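# Overview (structure and organization)
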Amino acid sequence: MHTRTVRVPVLPVRHGAPGRPYRHRGKQEALNARPDHRNPLVFDTHELGRRPGAMQRLSRSVDAPADLGIEVIGVPAGATVELDLRLESVMEGVLVTGTARAPLTGECVRCLEPVERTLETDFQEMFSYPDADSRARPVADPEDDAEEETFSVEDGLIDLEPVLRDAVVLALPLQPVCREDCPGLCTQCGARLADEPDHHHDAVDDRWAALQGLADSFRVGGRNDVNGAGAGADEKQEK
Ligand SMILES: [Zn+2]
Ligand SMILES: [Zn+2]
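Residues numbered from 1 in each chain as written. Chains lettered and ligands numbered in written order. Predicted model: local features only at pLDDT ≥ 70, side-chain atom pairs only at ≥ 80, totals over all residues.

## Here we look at helix 4 (residues 161-171)
Those residues of helix 4 not exposed but buried are E161, V163, L164, A167 and V168. For helix 4, the arc enclosing every buried residue in end-on projection is 160°, short of the 170-degree limit, so these residues lie on one face. For helix 4, the elements touching its buried residues are strand 3 (68-69), strand 4 (73-75), strand 6 (93-107), strand 7 (114-128), strand 8 (151-152) and strand 9 (157-159). (Buried ≥ 20, exposed ≤ 12 C-beta atoms within 10 Å, placed from the backbone. Helix = DSSP H or I, 4+ residues; strand = E, 2+ residues; numbered from the N terminus. Arc of directions from axis to C-beta. Contact = placed C-beta atoms within 7 Å.)

Here it is in structure tokens:
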């Protein structure tokens, strides 16, 4: 069985009775089903224990979940994501600090050629014990509510998938290019200009040729004046 996290638009949840830590309840339930320990992005914190100060380092290679990216670039589903993690037990939960490395594939937004990169991104996220919520979050500020995403330790398990998703998406180039100076495509014929540095159109089409001829005829007077008071003549024309 797959645990699939479905991204839903986050709206401020205002159902809390006074004094109730309503901060994330509704959203949390919608976002995170109970972590499935068979999901490779779910980590077990039992070994770490709840003694504050305890620390555990671990590395894991996982298959990338589907849709890990944006339209133009992302981590292909099933590609290997290497995770190096540090789990730290703190009073209110488990602090996860990590690095993710994964291959990226996408296409250049200028010339549509395939783009391949390696993504490396750091992240840090706090997973709170459910019973720590009321102590650790006495103040629920409605202004922050829509922004902040919180994560919980559920039955000693933490689901890193939404954290990985956020980290990857934030680290992606929004406008991937095959190279920084990619000249894109020829607007007339669609040729990839990086492949043909000298690409140009001599045999312009008939309409363009007609316009070109018209433009040339306007310039004839100016050109003939090159040896004389040409610059002055041009100025007069402009006035
Ligand atoms: Zn390009
Ligand atoms: Zn062309």
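## Brief notes about the environment of L185
Looking at where L185 falls in the secondary structure, it is placed in the loop between helix 4 and helix 5 (206-224). By the C-beta count within 10 Å, which is 18 here, L185 ends up partly exposed. Beyond its immediate sequence surroundings of up to four residues, L185 is in contact with C111, G190, A191, R192 and L193.

## Re the pairing of strand 5 (residues 80-90)
Where strand 2 (residues 55-63) lies against strand 5, nine bridges are found, and the strand directions are antiparallel. Bridging from a neighbouring strand, R57 pairs with R86 of strand 5. In the sheet, strand 5 pairs with strand 6 via nine bridges, with the strands oriented antiparallel. Of the residues in strand 6, the one forming a bridge with L87 is V96. What sits between strand 5 and strand 6 in their antiparallel hairpin is a turn of two residues. (Pairing = 2+ DSSP bridges.)

Remember that the coordinates give geometry; whether it matters functionally is a separate question.
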